[in-house]
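Per-entry structural report
Read off the chains here:
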Amino acid sequence: MPENVALIIRFRLVGGEDVSVMSGDFDGEPEAVAAIARAMDDRRSLVLMRARYDRETDVNGVIINLANVVSARVSKTDSAEAGQYL
């Protein structure tokens, strides 16, 4: 089993705010996107056990209520080149 990688997950909320979380919960981008999509489709929260919220240094468990999320972007880098929201 591959070692999990650090991914930047950016959520765009209904009000236009961006929330950024760095997570080590997934093996790669496809797995993270699939987990987020499943949680959104099932109207569940996304549970991350190894996450850092908004560039904090501590790793914590984070529960994200996806009810107010319009879109999400997953990338290994946190920059404008990572792509636009859809």
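Residues numbered from 1 in each chain as written. Predicted model: local features only at pLDDT ≥ 70, side-chain atom pairs only at ≥ 80, totals over all residues. Heavy atoms only, no water.

So, on to the pattern of salt bridges. Should their charged atoms come close, side chains of opposite charge can pair. If you walk through the whole model with that rule in mind, you get 3 salt bridges. Where Asp-18 meets Arg-12, a salt bridge forms, and the shortest distance between an N and an O atom there is 2.6 Å. Assessed through its relative accessible area of 31%, Asp-18 is described here as partly exposed. With a closest N to O distance of 3.5 Å, Asp-42 and Arg-44 form a salt bridge. Using a relative accessible area of 48% as the deciding quantity, one classes Asp-42 as partly exposed. (Salt bridge = Lys/Arg side-chain N within 4 Å of Asp/Glu carboxyl O. Buried < 20%, exposed > 50% of the residue type's maximum accessible area, 1.4 Å probe, protein only.)

Moving on: the pairing of strand β1 (residues 5-13). As defined by bridge partners, β1 adjoins strand β2 (residues 18-26) across 7 bridges and the pair is classed as antiparallel. What sits directly across from Val-5, in β2, is Phe-26. Counted along the chain from β1 to the antiparallel partner β2, the turn is 4 residues long, and its residue Gly-16 has a positive phi close to 95°. Looking at chain direction, β1 and strand β5 (residues 69-75) are connected through 6 bridges and run antiparallel. Residue pairing across strands places Arg-10 opposite Arg-73, the latter belonging to β5. (Pairing = 2+ DSSP bridges. Helix = DSSP H or I, 4+ residues; strand = E, 2+ residues; numbered from the N terminus.)

The subject of this paragraph is the confidence of the model for the protein. Residues of the protein with pLDDT of at least 70 account for 85%, and the chain-wide mean is 85. Of all helices and strands in the protein, the one with the weakest mean pLDDT is β1 (90), whereas helix α1 (residues 29-41) scores best (94). Confidence drops under a pLDDT of 50 for residues 82-86, and excluding neighbours within four residues, the segment shows 13 contacts in the predicted structure. (pLDDT = per-residue confidence, 0-100. Contact = heavy atoms within 4.5 Å.)

Tracing the chain through its elements places Ala-39 in helix α1. The buried category is assigned to Ala-39, whose relative accessible area is 1%. Taking the C-alpha atoms as reference points, Ala-39 and Leu-66, 27 residues apart in sequence, are found 7.6 Å from one another. Setting aside residues no more than four positions away along its own chain, Ala-39 makes contact with Arg-44, Ser-45 and Leu-66.

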